[in-house]
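Residue-level structural notes
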Amino acid sequence: MQTISGRFSQISIAAAALLGISVGLHAQNFPITADQKATATQVAQTGVPLGDLAPNAPDTYTVKRGDTLWAISGLFLKNAWRWPELWGMNLQDISNPHRIYPGQQLYLEKSNGRAVLRTRQAQTDGPPTDTVRVSPRTRFETLADASIPTLAPNLIEPFLNEALIVDEAMISNAPRIVAAQEGRVLLSRGDRAYARSQYGAGSTNGKPLSIDKGEPVNYRVFRNATPLKDPTTKAILGYEAQYVGKAEIARGESVTGSTGKDGKPQSEIVPATIDIVATKEEMRVGDRLLVEPPRELLNYIPHAPSTTVTGQIVSIYGSAVTNAAENQVVVINRGARDGLERGHVMAILKDGERLQDKTDSSRTPIKLPNERNGLMMVFRTFDALSYALVLQVTDGVKVGDRFVNPN
């Protein structure tokens, strides 16, 4: 006899698989757009055209530890970013794109000009029947989920911890380190220092640093907010703050009373006490503090924007090199206000060469067409700017290069 809770579990699992939501001991809700939901529903029924398969796509594949969804999809598809369109799995198997495990066998099924990827081989023995045989299956998962990620976490996680784009007001009004113990010039992990908010304790214009309940105590420390300009218009789209480490508030700001030399009472500002808990490079007086944001989920659903998006590369993150290579991060001049979201895949274009037509006696200037140079995926968006990871590239990517929707 099937219990109500058992039926509910089956329905929940199937729905979660269809919508691309994690199922496990500690389910997580991944952001799903209406377009992604529609695609998942359609593809779970129809699969992809055979023409979209890679020439040497295997019929079966066993998932190995260290695999990523991107790498596996590259075995099966010409365009790896379209892997959500390939998973046409049995939804009752808890087998959605976010729950593929080492040791699982994947089967490529081809029928009527379409292909789907499943976790169970189709049963062809015996006469056709409308009866569906269901067997109970149990999966045990540790709290450290063993499912393979979309991309190798080490490619993006450092930038989620470090990269930050702010506006001029945010960085100029951010609390700052004002002093160190024993007159130290440089601060490293384990050191204690002192910081003030922009407005100061007791001010009516803002909030002082505090350890009161509900107030943030974990901060990232930044320096040198670099303006990021649109390559064409030269307008400043935001400021990229240079990450130097992390600090924790040990004591909040306060104001104490004292007696001045003239015998009159006066107030004194006592800065907040901070402990340096992590450093990328040594900190110093004047560095700014910004509240540690919530940890972001390291899972992405690659998909093309639903509307046409074009733009340019603004900068190459954390590098003095001229050209970005594969697995490097770039800043682009489009953000949330332009409709970009996490997981959007964009095609990078190489600017066509400008030259003279030597077959023309008048040496007419010509410009060769822009050619596709690679792919990048947006993994973090701000208002007018976004960070994207270069996933594939033929030649180096440089500032000013353009990007468009992928084909």
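Data block above holds the structure.
Residues numbered from 1 in each chain as written. Predicted model: local features only at pLDDT ≥ 70, side-chain atom pairs only at ≥ 80, totals over all residues. Heavy atoms only, no water.

**Concerning the overall build of the protein chain**
Scanning the protein chain for helices and strands turns up 5 helices and 25 strands. The 407 residues of the protein chain split such that 39% are buried. For the protein chain, long-range pairs separated by at least 24 residues make up 70% of all intrachain contacts whose partners lie at least 6 apart in sequence. (Helix = DSSP H or I, 4+ residues; strand = E, 2+ residues; numbered from the N terminus. Buried < 20%, exposed > 50% of the residue type's maximum accessible area, 1.4 Å probe, protein only. Contact = heavy atoms within 4.5 Å.)

**Digging into unusual backbone geometry**
Positive phi is not limited to glycine here, since N112 has a value of about 55°. When you line up the elements, N112 lands in the loop between β3 (105-111) and β4 (114-118).

**Quick look at the pattern of salt bridges**
Per the stated rule, a full pass over the model turns up 14 salt bridges. For R118, the salt bridge is made with E109, and the minimal N-O distance between the two is 3.0 Å. A salt bridge links R223 to E281; its shortest N-O distance comes to 2.9 Å. In this pair, R223 is assigned in strand β9 (residues 218-229) and E281 in the loop between β13 (272-279) and β14 (283-284), connecting sequence segments 58 residues apart. (Salt bridge = Lys/Arg side-chain N within 4 Å of Asp/Glu carboxyl O.)

**Points about a nonpolar patch on the surface**
Residues L355, I366 and L368 make up a contiguous nonpolar surface patch of roughly 200 Å² in combined accessible area. The residue L355 is located in strand β20 (residues 354-356) in this model. By relative accessible area, L355 is classed as partly exposed at 30%. (Patch = residues over 30% accessible without salt bridge, like charges linked within 9 Å, V, L, I, M, F, W, Y side chains within 5 Å. Areas by Shrake-Rupley, 256 points an atom, 1.4 Å probe, with all protein chains shown as cover.)

**Some points on the packing of aromatic side chains**
Applying the stated criterion across every chain, the model contains 4 aromatic pairs. Summarising the aromatic geometry, the rings of Y317 and Y387 are spaced 5.7 Å apart at their centres and angled 90° between planes, so their arrangement reads as edge-to-face. Within this pair, whereas Y317 is found in the loop between β16 (311-316) and β17 (323-324), its partner Y387 is found in strand β23 (residues 386-393), the two being separated by 70 residues in sequence. The rings of Y317, F379, F382 and Y387 are connected pair by pair, giving a single aromatic cluster. (Phe/Tyr/Trp six-rings, centres within 6.5 Å; stacked < 30°, edge-to-face > 60°.)

**Examining helix α3 (residues 69-76)**
Here α3 has its buried residues at L69, W70, I72, S73 and F76. The buried residues of α3 occupy one face: seen down the axis, they fall within an arc of 160°. For α3, the elements touching its buried residues are β2 (60-62), β3, β4 and β23. (Arc of directions from axis to C-beta.)

**A closer look at the sheet that holds β23**
Strand order in this closed barrel of 6 strands is β16-β18-β23-β22-β19-β25, and the pairing throughout is antiparallel. Sheet twist, expressed as the average angle between the axes of neighbouring strands with direction ignored, equals 45°. Examined bridge by bridge, β16 and strand β25 (residues 402-404) share 2 bridges and lie antiparallel to one another. Bridge pairing links G311 to F403 in β25. Against the sheet, helix α4 (residues 153-162) contacts β18 (329-332), β22 (371-381) and β23, and its axis sits at roughly 50° relative to β22. (Pairing = 2+ DSSP bridges. Axes fitted to C-alpha atoms, helices over the stretch in contact; angles between N-to-C directions.)

**Some thoughts on the environment of V63**
Its location among the elements puts V63 in the loop between β2 and α3. Between the C-alpha atom of V63 and that of I148, which follows or precedes it by 85 residues, the distance is 8.7 Å.

**Overview of the sheet that holds β4**
Hydrogen bonds along the backbone pair up the strands of a sheet, which may run parallel or antiparallel. An order of β1-β4-β3-β2 is seen for the 4 strands of this open sheet, with the pairing classed as antiparallel. Unpaired on one side and paired on the other, β1 (48-49) and β2 mark the two borders of the sheet. Strand direction decides the pairing type here: β3 and β4, joined by 5 bridges, are antiparallel. Counterpart to S111 in the pairing with β4 is R114. Against the sheet, α3 contacts β2, β3 and β4, and its axis sits at roughly 160° relative to β2.

**A word on the environment of K280**
Structurally, the position occupied by K280 is in the loop between β13 and β14. Each C-alpha atom, one on K280 and one on E162, is 9.4 Å from the other, the two residues being 118 residues apart in sequence. Those residues in contact with K280 that lie beyond four places of it in its chain are E162, Y243, V244 and G245.

**Notes on the nonpolar core**
Formed by 35 residues in total, the largest nonpolar core has its most connected members in I156, F379, Y387 and L389. Elements with a contribution of two residues or more to this core: α4, β5 (165-166), β9, β10 (236-251), β18, β19 (345-350), β22 and β23. Of the residues forming this core, the biggest block, 4 residues, is contributed by α4. I156 has contacts with L151, Y300, F379 and L389, leaving out every residue within four places of it along the chain. If you look at the next biggest cluster of nonpolar residues, it comprises 19 residues, including A54, V63, F76 and W87. (Core = buried A, V, L, I, M, F, W, Y, C linked by side-chain atoms within 4.5 Å.)

**Considerations on the pairing of strand β8 (residues 192-196)**
Alternating residues of β8 divide into A193 and A195, all buried, and R192, Y194 and R196, none buried. Alignment of strand β6 (residues 176-180) against β8, held across 4 bridges, turns out to be antiparallel. Bridge assignment links I177 to a residue of β8, and that residue is A195.

**Some thoughts on the environment of T279**
Take T279: it is sitting in strand β13. On a C-alpha basis, the gap between T279 and G245 in space is 3.9 Å, while along the polypeptide they are 34 residues apart.

These values are about where atoms sit, not about what they do.
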